[in-house]
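# Analysis of the macromolecular model
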Amino acid sequence: QVQVVESGGGLVQAGGSLRLSCAASGSISSIDTMSWYRQAPGKQRELVALATSSGNTNYADSVKGRFTISRDNAKNTGYLQMDSLKPEDTAVYYCALKLEMTFSGARYDYWGQGTQVTVSS
């Protein structure tokens, strides 16, 4: 059984930093693509950052230069380092992983449970 567990959210003052983690466990051999999304109250879920297995990354314009996506392949864990946080970054953050299964080699999408990030002004 595959599990994807997020951690690291919380309350921080504007200008502060947080690091979100997204750990996958179970019969998986690797993380293919890793993405972070966020959804603020009353708004649609939006893509914040993406990292491919080849190392390419992409960021939403609103977070470029402030957020960094990374991964530890040995631990099947992804991270989102968030610096210079602003009140408008307040949202529930979700990780989305495309995981390769150990035995079949098939790839499936899994979502984390979401973690609240609140930035006070």
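Above this text is the structure in question.
Throughout what follows, the structure given in this document is the object of discussion. (Residues numbered from 1 in each chain as written. Predicted model: local features only at pLDDT ≥ 70, side-chain atom pairs only at ≥ 80, totals over all residues. Heavy atoms only, no water.)

### Some details on the pairing of strand β4 (residues 28–39)
Heads up, the rule is: Two strands pair under a simple rule: DSSP has to find at least two bridges between them. Each helix is a run of DSSP H or I of at least 4 residues and each strand a run of E of at least 2, with the numbering of both proceeding from the N terminus.
Of the strand pairs in this sheet, β4 and strand β9 (residues 91–101) are connected by 9 bridges, and their pairing is antiparallel. Among the inter-strand pairings, W36 is bridged to a residue of β9, identified as C95. In this sheet, strand β5 (residues 46–51) lies alongside β4 in antiparallel orientation, the contact comprising 5 bridges. Bridge pairing in β5 places S35 opposite L50. Adjacent in sequence and paired antiparallel, β4 and β5 are bridged by 6 residues, among which G42 carries a positive phi angle near 75°.

### Remarks on the packing of aromatic side chains
Aromatic ring pairs are reported here in terms of the distance separating the ring centres and the angle at which the planes meet. As a reminder of what qualifies: What counts as a ring pair is set by centres within 6.5 Å for rings of Phe, Tyr and Trp (its six-membered ring), and what kind of pair is set by the plane angle: stacked under 30 degrees, edge-to-face over 60, tilted for all other angles. Each residue is placed in one exposure class: buried if its accessible area under a 1.4 Å probe, protein chains only, is under 20% of its type's maximum, exposed if it is over 50%, and partly exposed if it falls in between. Criterion for a charge above a ring: Arg CZ or Lys NZ at most 6 Å from the ring centre, at most 35 degrees from the ring normal.
Under the criterion given, the structure shown has 1 aromatic pair. Note on Y37 and W111: the rings are 5.0 Å apart at their centroids and 45° apart in plane angle, and the pair reads as tilted. A residue pair is termed long-range when its members are at least 10 positions apart, and Y37 in strand β4 and W111 in strand β10 (residues 107–111) qualify at 74 residues. Accessibility expressed as a relative area gives 22% for Y37, which makes it partly exposed. The class of W111 is partly exposed, set by a relative accessible area of 42%. Over the ring of Y94 we find R45; its NZ or CZ atom is 3.9 Å from the centre of that ring. Across from the ring centre of W111, 5.0 Å away, lies the NZ or CZ of R45, which sits over that ring.

### Looking at the state of the cysteines
For the record, the criterion: Put simply, a disulfide is two cysteine sulfurs that come within 2.5 Å.
By the definition in use, this model includes 1 disulfide. Linked covalently through their sulfurs, C22 and C95 form a disulfide whose S-S length is 2.0 Å. Here the disulfide of C22 and C95 is right-handed, its torsion about the S-S bond being about 60°. Of this pair, C22 sits in strand β3 (residues 18–25) while C95 sits in strand β9, and the two are 73 residues apart along the sequence. Both residues of the pair, C22 and C95, belong to the buried class.

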